[in-house]
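# Structure assessment
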Amino acid sequence: MRALRRRAAATAVLLQLLPLFLVCACSGGPSLENQGAVTAPPGDSKHLTIGTAGFTESDVLAQMYALLLKQAGYSTKMLSVANRELYEPALESGQIDVVPEYAATFADWLNAKTNGAKAPPVGSPDLDATMKALRGLAAPRGLTVLDPGKAVDQNAFAVTTAYAKQHRLKTLSDLGASGLKVRLAAGDECVQRPYCEPGLKKTYGIDVTGVDPKGVGTTQSKKAVQDGKDQMVLTTTTDATLSDFGLVLLADDKHLQNADYIVPVVNRSRAGSERVAESLGALNSVLTTQDLASMNQQVDSWRRLPQDVARSYLESKGLLKG
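Residues numbered from 1 in each chain as written. Predicted model: local features only at pLDDT ≥ 70, side-chain atom pairs only at ≥ 80, totals over all residues. Heavy atoms only, no water.

### Brief notes about the overall build of the chain
- For the chain, the count of helices and strands is 15 helices and ten strands.
- Out of the 322 residues belonging to the chain, those deemed buried represent 52%.
- Across the chain, contacts joining residues at least 24 apart in sequence account for 77% of those joining residues at least 6 apart.
- Accessible surface, the chain: about 14,400 Å² in total, of which carbon and sulfur atoms supply 53%. (Helix = DSSP H or I, 4+ residues; strand = E, 2+ residues; numbered from the N terminus. Buried < 20%, exposed > 50% of the residue type's maximum accessible area, 1.4 Å probe, protein only. Contact = heavy atoms within 4.5 Å. Areas by Shrake-Rupley, 256 points an atom, 1.4 Å probe, with all protein chains shown as cover.)

### Observations concerning empty space enclosed by the protein
- Here the structure, examined in full by the defined rule, presents two cavities of 30 Å³ or more.
- Of the pockets and cavities examined, the second largest cavity occupies roughly 80 Å³.
- Considering the residues around the second largest cavity, the lining is formed by Tyr65, Asp147, Gly149, Lys150, Ala151, Ile262, Pro264, Leu280, Leu283, Asn284 and Leu287.
- Of the residues in the lining of the second largest cavity, the class split is seven nonpolar, two polar and two charged. (1 Å grid on protein atoms, 1.4 Å probe; cavity = no way out; pocket = protein on both sides within 12 Å on 5 of 7 lines; lining within 4 Å. Points joined across faces, edges and corners; volume = space filled by probe spheres on them. Nonpolar A, V, L, I, M, F, W, Y, C, P; charged D, E, K, R; others polar.)

### Topic: the packing of helix α4 (residues 56-71) against helix α14 (residues 289-300)
- Put simply, α4 and α14 touch, their axes get as near as 9 Å, and they point 105° apart. The angle between the axes of α4 and α14 places the two elements in the roughly perpendicular class. On α14, the residues touching Thr56, Glu57, Val60, Leu61 and Met64 of α4 are Leu292, Met295, Asn296, Val299 and Asp300.
- Within the contact of α4 with α14, the residues separate by chemical class into six nonpolar, two polar and two charged. (Axes fitted to C-alpha atoms, helices over the stretch in contact; angles between N-to-C directions. Parallel < 35°, antiparallel > 145°, perpendicular 65-115°, else oblique.)

### Looking at the confidence of the model for the chain
- In the predicted model, the chain carries a mean pLDDT of 90, and the fraction of residues at 70 or more is 87%.
- Low pLDDT (under 50) marks residues 3-36, which in the prediction has 55 contacts with non-local residues, meaning those over four places away or in another chain. (pLDDT = per-residue confidence, 0-100.)

### Observations concerning the pattern of salt bridges
- What the rule picks out here adds up to 16 salt bridges.
- The residue Asp44 makes a salt bridge to Lys46 at a minimum N-O spacing of 3.4 Å.
- Judged by relative accessible area, Lys46 falls into the partly exposed class, the value being 43%.
- Between Asp97 and Arg270 there is a salt bridge whose closest N-O contact spans 2.4 Å. (Salt bridge = Lys/Arg side-chain N within 4 Å of Asp/Glu carboxyl O.)

### Considering the state of the cysteines
- What the rule picks out here adds up to one disulfide.
- Sulfur-sulfur distance for the disulfide between Cys190 and Cys196 comes to 1.9 Å. Its S-S torsion of approximately -85° makes the covalent link between Cys190 and Cys196 left-handed. For the residue pair Cys190 and Cys196, the accessibility class agrees, reading buried in each case. (Disulfide = S-S within 2.5 Å.)

### So, α4
- For α4, which comprises 16 residues, the first-to-last C-alpha distance of 23 Å matches the rise-based estimate of 22 Å (1.5 Å per residue) to within 8%.
- Of all 16 residues in α4, 13 are buried, a share of seventy percent or more.
- Positioned one or two residues after α4, Gly73 has a phi angle of 105°, which is positive. (Expected span 1.5 Å × (residues − 1).)

Take a look at the structure:
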């Protein structure tokens with residue numbers, strides 16, 4: 001759902017940048033389809049391009065990466081490409097050096113690219129297993145996946161605060177045990193995705209009576225729950241607007257969702273050094289899911305610039321020296 005939710009973003013930017021990546025794809029980069037496994041040693045280019053997928057959270061993360069790397073002595077520039085089908089090959093070829101990614105989603109994407117669309121998923125709720133699979137798929141492509149921190153952007157489910165209070169709900173298990181009938185506002189693919197309607201029924205015993213296809217975390221979906229037309233909405237753990245609709249997340253206490261922890265992915269031959277890893281790893285001890293939601297809100301609701309939000313956050317955590 002993450003891919004479907006974000007693929008439509010920044011279409012104009014994609015069209016503008018498409019020629020660059022077509023050149024990239026034809027210029028003999030280290031794609032497995034053309035050259036086999038990549039064995040270049042870790043590199044340490046002084047000039048790094050930070051990629052962003054063109055939505056708020058990715059922009060903020062990329063800006064934080066750029067600021068931390070600049071502080072470590074690198075010159076950086078930003079490149080926004082909202083389609084993984086374009087920016088991942090650019091990452092392999094060195095047109096992009098660093099990009100923020102999501103562990104389980106990226107693992108499954110690389111798995112499908114390597115083993116075919118029908119390959120069994122390798123992303124799972126188990127972070128260690130997901131990271132092992134991801135690194136195994138990334139390394140032959142010349143990519144290094146750095147350590148994840150605490151922040152995770154997973155699919156999540158929300159109900160109104162009043163509904164949660166009335167039925168004493170804090171977790172999805174609570175909702176399953178309540179026996180309440182639930183109409184779910186989500187994307188139309190929810191009816192077949194294992195982490196959506198089938199998973200809610202199988203893992204939690206929730207009585208989902210139907211899916212209202214209003215999209216994942218859209219205003220229309222949240223408004224339908226707020227107005228009582230639906231009882232629950234599929235959104236994400238870093239949704240910054242839930243409180244605007246009087247909504248609250250129910251905890252995924254049985255870990256239905258995959259381990260989509262934030263991970264920096266780098267081109268090994270250009271940005272595989274320990275200095276890059278240490279610079280970006282500084283975020284791991286401080287950045288939380290709640291922090292990401294707050295920064296998303298500052299950009300989306302308060303209209304602050306991503307670079308200003310990123311700088312303020314790093315300074316507040318003592319990671320950026322004035």
